[in-house]
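# Residue-level structural notes
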Amino acid sequence: MTSALRGIDPSRYVVHVGFLLIFALFAVVLRDDGFLTSTNLLNIVQQTAR
């Protein structure tokens, strides 16, 4: 198990971690404005997939 973790390059996941941090920030800041609604989350996924 630890040998598999040693083979992971953390620099490959910087963008993913950054996206998750920004997402969490917006979720906390905009919690009353409907940020975590299913419609908005679907919109975010569709726009990032393009």
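The structure this text deals with has already been given above.
Below is a summary of the structure that appears in this document. Computed from a predicted model, the values in this text were never measured in an experiment. Every chain's residues receive numbers from 1 upward, in the order its sequence appears when written. Where local features are concerned, this predicted model is filtered to residues with pLDDT of at least 70; where side-chain atom pairs are given and counted, the filter is 80 or more; whole-chain, interface and lining totals use all residues. Note that the side-chain values use all heavy atoms of the structure and ignore hydrogens as well as water.

## Details of the overall build of the chain
When you go through the chain residue by residue, the secondary structure sums to 3 helices and 0 strands. For a compact globule of 50 residues, the expected C-alpha radius of gyration is about 10 Å, and the chain comes in at 15 Å, more than 25% above that figure. Once the C-alpha set of the chain is aligned to its principal axes, its extents read approximately 45 × 25 × 20 Å. Residue burial considers only the protein chains on display, and all accessible areas are found by Shrake-Rupley using a 1.4 Å probe. Accessible surface, the chain: about 4,600 Å² in total, of which carbon and sulfur atoms supply 66%. What counts as a helix is a DSSP run of H or I of at least four residues, what counts as a strand is a run of E of at least two, and both are numbered from the N terminus. Values of the radius of gyration come from C-alpha atoms, whereas the globule rule sets the reference at 2.2 Å times the count of residues to the power 0.38.

## Side note on helix α2 (residues 14-29)
Between the first and last C-alpha of α2 there are 22 Å, a value that for 16 residues agrees with the 22 Å anticipated at 1.5 Å per step. Of all 16 residues in α2, 1 are buried; the element is thus mostly exposed. For a helix, the expected span equals 1.5 Å multiplied by the number of residues minus one. Between buried and exposed lies partly exposed: a residue is buried under 20% and exposed over 50% of the maximum accessible area for its type, with that area taken using a 1.4 Å probe on protein chains only.

## Regarding the packing of aromatic side chains
Between the rings of Phe, Tyr and Trp (Trp by its six-membered ring), a pair exists once the centres lie within 6.5 Å; its type follows the angle of the planes, with under 30 degrees stacked, over 60 edge-to-face, and the other angles tilted. By the definition in use, this model includes 3 aromatic pairs. The interplanar angle of 50° and the centroid separation of 5.5 Å between the aromatic rings of Phe23 and Phe35 together place this pair among those described as tilted. Placement of Phe23 in helix α2 and of Phe35 in the loop between α2 and α3 (38-49) is noted, with a sequence separation of 12 residues between them. For Phe23, a relative accessible area of 26% gives the class partly exposed. Exposure remark for Phe35: the relative accessible area of 12% places this residue in the buried category. Chaining the aromatic ring pairs together yields one cluster made of Phe19, Phe23, Phe26 and Phe35.

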